[in-house]
Amino acid sequence: MTEINNKKAARQLLICRIVVYAILIFLTVLCLFSFVMMIVNSSRSNAQLQGGFTLKWGGHFLDNLRNAWTDASINIPRGMLNSFIIAACCAVLTTYFSALTAYGIHVYDFKLKNTMFMFIMAVMMIPTQVSAVGFIQLVNKFHLTNNYLPLILPSIAAPVVFFYMKQYLESVLPIGMVEAARIDGSSEFRTFNQIVLPIMKPAIAVQMVFAFVASWNNYFIPALLLDKAELKTVPIMIAQLRSADYSKFDMGKVYMFILLAILPVMVVYIILSKSIIRGATDGAVKG
């Protein structure tokens, strides 16, 4: 009887595994399908794209690459450099200052600690679009249009990243470690930079990728602040390319530009992938 039950349990376990693997394979194919289609479409000419959907390789990949790279209306290398500068600065500032704020809220005890935490959480609920008009007026008042500072400096205040960092610190940083560092004569900033930051490396990697991608794909605010051609970012250039005159419109060139635009994001993800997986696992287990 026991042997029959064991065989039945093993059969049920096998069926469950098959179902789980089938679902995972389906989700993987679903996630990769759009990426594969983008690569295929970047190899097709405008006439082929107008012919409809197909997974057949178009054979115009190099032509589209040359046409996009040498387009007179946009400067792809400069646009990618502009986006990289903004996204990299935002990623570094967002993660560092959010981690520093989370460290302060987590380690120190003061009268308005809970009030400050609730205020930051309330700010997290305010959409960017709500404050956009006032922000643009402030930028115009200080004559900072066509400048990267209004796109970079606000990233210092990132409530969502702060919340993630605080939850992570609560799971990995014992207060005794900080107190031991103080007894040894370590300053607060030295403790944070040399002890706390290395502990938070997985969480920092996760949020750095998210911040980089969010800034890289940001179109709304840069489109309102940047109108000089040499300062425009990748999303603005893609929108500009798509809004070209119909007689000059080349969908193959647009797909190629989109493919080029996601390459830096993929490189950043590959570099930080191990830390991202570790950070996500730690957050799931300890958070």
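In this text, all values refer to a predicted model and were calculated from it rather than measured experimentally.

*Asks:* Whenever I open this one, the side chain of Ser155 confuses me. Can you help?
*Replies:* Here Ser155 shows up in the loop between helix H7 (149-152) and helix H8 (159-172). Overall, Ser155 belongs to the buried group, its relative accessible area being 12%. In this view, Ser155 contacts Cys90, Leu93 and Thr94; residues no more than four positions away in its chain are not counted.

*Asks:* Whenever I open this one, the pattern of salt bridges confuses me. Can you help?
*Replies:* Between side chains of opposite charge, a pair can form as their charged atoms come close. Tallied over the full model, the rule gives five salt bridges. Across the pair Lys166 and Glu170 runs a salt bridge whose closest N-O atoms are separated by 2.3 Å. Linking Lys166 with Glu170, this pair stays in helix H8, spanning four residues, or about one helical turn. You can call Glu170 partly exposed: its relative accessible area is 41%.

*Asks:* What's the story with the confidence of the model for the protein in this structure? I'm lost.
*Replies:* Low pLDDT means the predicted atomic positions in that stretch should not be read closely. When pLDDT is averaged along the protein, the result is 85; 92% of the residues meet or exceed 70. By mean pLDDT, the top-scoring element of the protein is H7 (93), and the lowest-scoring one is helix H14 (residues 251-286) (74). In this model, residues 283-287 is a region of pLDDT below 50 whose contacts with residues beyond four sequence positions or in other chains number three contacts.

*Asks:* Which parts of the structure should I look at to understand a nonpolar patch on the surface?
*Replies:* A contiguous nonpolar surface patch, about 580 Å² in accessible area, is contributed by Ile15, Val19, Ile23, Phe26, Leu27 and Leu30. Along the chain, Val19 turns up in helix H1 (residues 2-41).

*Asks:* Mind showing me how you'd approach the packing of aromatic side chains here?
*Replies:* What describes a pair of aromatic rings is the distance from one ring centre to the other and the angle between the planes of the rings. Applying the stated criterion across every chain yields a total of nine aromatic pairs. Both rings, one in Trp57 and one in Phe61, keep their centres 5.9 Å apart while their planes meet at 25°; by these two values the pair is stacked. Centre to centre, the rings of Tyr103 and Tyr108 are 6.4 Å apart; their planes meet at 80°, and the pair counts as edge-to-face. When its relative accessible area of 3% is taken as the criterion, Tyr103 is described as buried. By relative accessible area, which is 32% here, Tyr108 ends up partly exposed. Feature note: the residues Tyr96, Phe97, Tyr103, Tyr108 and Phe192 constitute an aromatic cluster, connected by ring pairs. Looking at Lys166, its charged tip hangs above the ring of Phe117, at a distance of 4.9 Å from the centre.

Conventions we followed
Residues numbered from 1 in each chain as written. Predicted model: local features only at pLDDT ≥ 70, side-chain atom pairs only at ≥ 80, totals over all residues. Heavy atoms only, no water. Helix = DSSP H or I, 4+ residues; strand = E, 2+ residues; numbered from the N terminus. Buried < 20%, exposed > 50% of the residue type's maximum accessible area, 1.4 Å probe, protein only. Contact = heavy atoms within 4.5 Å. Salt bridge = Lys/Arg side-chain N within 4 Å of Asp/Glu carboxyl O. pLDDT = per-residue confidence, 0-100. Patch = residues over 30% accessible without salt bridge, like charges linked within 9 Å, V, L, I, M, F, W, Y side chains within 5 Å. Areas by Shrake-Rupley, 256 points an atom, 1.4 Å probe, with all protein chains shown as cover. Phe/Tyr/Trp six-rings, centres within 6.5 Å; stacked < 30°, edge-to-face > 60°. Lys NZ or Arg CZ within 6 Å of the ring centre and 35° of its normal.

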